[in-house]
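Listed below are the residues making up each chain.
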Amino acid sequence: MTLIGFHASHEQASPSRLLEDVRLAEAAGFGAAMCSDHIEPWSHRQGHSGFAWSWLGAALATTDLRFGVVTATGFRYHPVVTAQATATLASMFPHRFWFALGSGEHCNERMSGVSWPPKEERQQLLGENLDIVRRLHAGEVVDHDGAVRVDRGRVWDRPEIPPEILLPALTPETAGRFADRVDGLVTVNAPLDDLRRILGAYHDGGGRGRTVLQVHLSWAPTRERAREIAREQWATNALPPELMAELATAEEFESHAAELDDGDLEGAVIVSDDPAEHVDRLCEFAELGFDEIYLHHVGPDQRPFIDTFGDTVLPYLP
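Only a predicted model underlies this, so the values are computations on that prediction, with no experimental measurement involved.

Chemist: Requested: an account of empty space enclosed by the protein, with residues and values cited.
Modeler: The tally for this structure, following the rule as stated, stands at one cavity of 30 Å³ or more. Of the volumes computed, that of the largest cavity is approximately 30 Å³. Residues belonging to the lining of the largest cavity are distributed by class as follows: three nonpolar, four polar and no charged.

Structural data, given as structure tokens:
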């Protein structure tokens, strides 16, 4: 069976509201949850950005769900700090926490004051960081002198079993490049053929861990309202991934998003007022072989979505 989880969007709701949302999601039948680690949202309409690490401790302590987080290291976080944060959560909540380590977006990392490097340099840094975090989780004292420096780094409190490290990948090239160095793959909804290529590259590159899909969707009692929600809240996220990685501020995202039409938007968000249509689309993703699918309703009010999908969508998914 495919595990169906809930995505908690820190960019669209306050931390306390999200904490209540994941409790509601658990009660409605969602089997797990995940979030992203951002320091600011992509738009002023989204308007939030709670600190994921503080929130994860509270969410894990007040539910029985397993949680994951998509993050980056090497800029505003040093990899030793990332290793310490992830080891602490995994120590307190064994087998209930995973994290996906990516190469980052400029909007989150510009606060560090470094010049934003091109993609190839960011991916080289990711490779170093994966190695550093693995070694720290294994109990090593780490010295490293490369794109990032470590002076006798050590994590003192470590879980008996290290947390799984997944790879966030939006292209087959990234999925294949790091496949044999991670415990799983995370990607987002895209045309089925694109997802097949990403999965294929991951497996061909030696990836054997679980595969996770995050699905952005917009549901409302009417299709027009669902479309309005998607445009109001998620147009900034319908831009090409390579552009999103380079933009530095919410204002820049909003400027580019103003040029998008409804076709661009519906390519990034599944928009429908019909729960049966959402079931059909989600079943297509499950048939590709994803082990876990996390649903992200892009609206700021999650309760109607959670209630409706708990009753009319989750029971009909494989």
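Chemist: Give me the UniProt feature "domain: Luciferase-like" (unreviewed entry) in the protein: which residues, what numbers.
Modeler: Within the UniProt annotation, "domain: Luciferase-like" (unreviewed entry) is assigned to residues 9–292. Each end of residues 9–292 is marked by a C-alpha atom, and these two atoms are 18 Å apart; helix forms 44% of the span and strand 17%.

Chemist: An account of helix α8 (residues 223–234) is needed here, citing residue identities and associated values.
Modeler: In a regular helix each residue adds 1.5 Å, so twelve residues correspond to 16 Å; α8 covers 16 Å between its end C-alpha atoms and thus fits that length. Of the positions making up α8, those classed as buried are A226, I229, A230, Q233 and W234. The arc that holds the buried residues of α8, viewed along the axis, is 100 degrees, so those residues lie on one side. As for α8, its buried residues are in contact with β9 (210–218), α11 (262–268), β10 (270–271) and β11 (292–297).

Chemist: Lay out unusual backbone geometry with the relevant residues and their values.
Modeler: With phi around 65 degrees, H95 is a residue other than glycine that occupies positive phi space. Within the secondary structure layout, H95 lies in the loop between α3 (79–92) and β4 (97–102). Backbone geometry places R152, a non-glycine residue, at a positive phi of 50 degrees. Here R152 shows up in strand β6 (residues 149–153). Using a relative accessible area of 57% as the deciding quantity, one classes R152 as exposed.

Chemist: So what about the side chain of H297? Which residues, and what values?
Modeler: Within the fold, H297 resides in strand β11. A distance of 3.4 Å separates the side chain of H297 from the backbone nitrogen of W219, its partner in a polar contact.

Definitions and cut-offs
- Residues numbered from 1 in each chain as written.
- Predicted model: local features only at pLDDT ≥ 70, side-chain atom pairs only at ≥ 80, totals over all residues.
- Heavy atoms only, no water.
- 1 Å grid on protein atoms, 1.4 Å probe; cavity = no way out; pocket = protein on both sides within 12 Å on 5 of 7 lines; lining within 4 Å.
- Points joined across faces, edges and corners; volume = space filled by probe spheres on them.
- Nonpolar A, V, L, I, M, F, W, Y, C, P; charged D, E, K, R; others polar.
- UniProt positions renumbered as here; feature names shortened; annotations may be inferred.
- Helix = DSSP H or I, 4+ residues; strand = E, 2+ residues; numbered from the N terminus.
- Expected span 1.5 Å × (residues − 1).
- Buried < 20%, exposed > 50% of the residue type's maximum accessible area, 1.4 Å probe, protein only.
- Arc of directions from axis to C-beta.
- Contact = heavy atoms within 4.5 Å.
- Polar contact = N/O pair within 3.5 Å; in protein donor to acceptor, adjacent residues only side chain to side chain.

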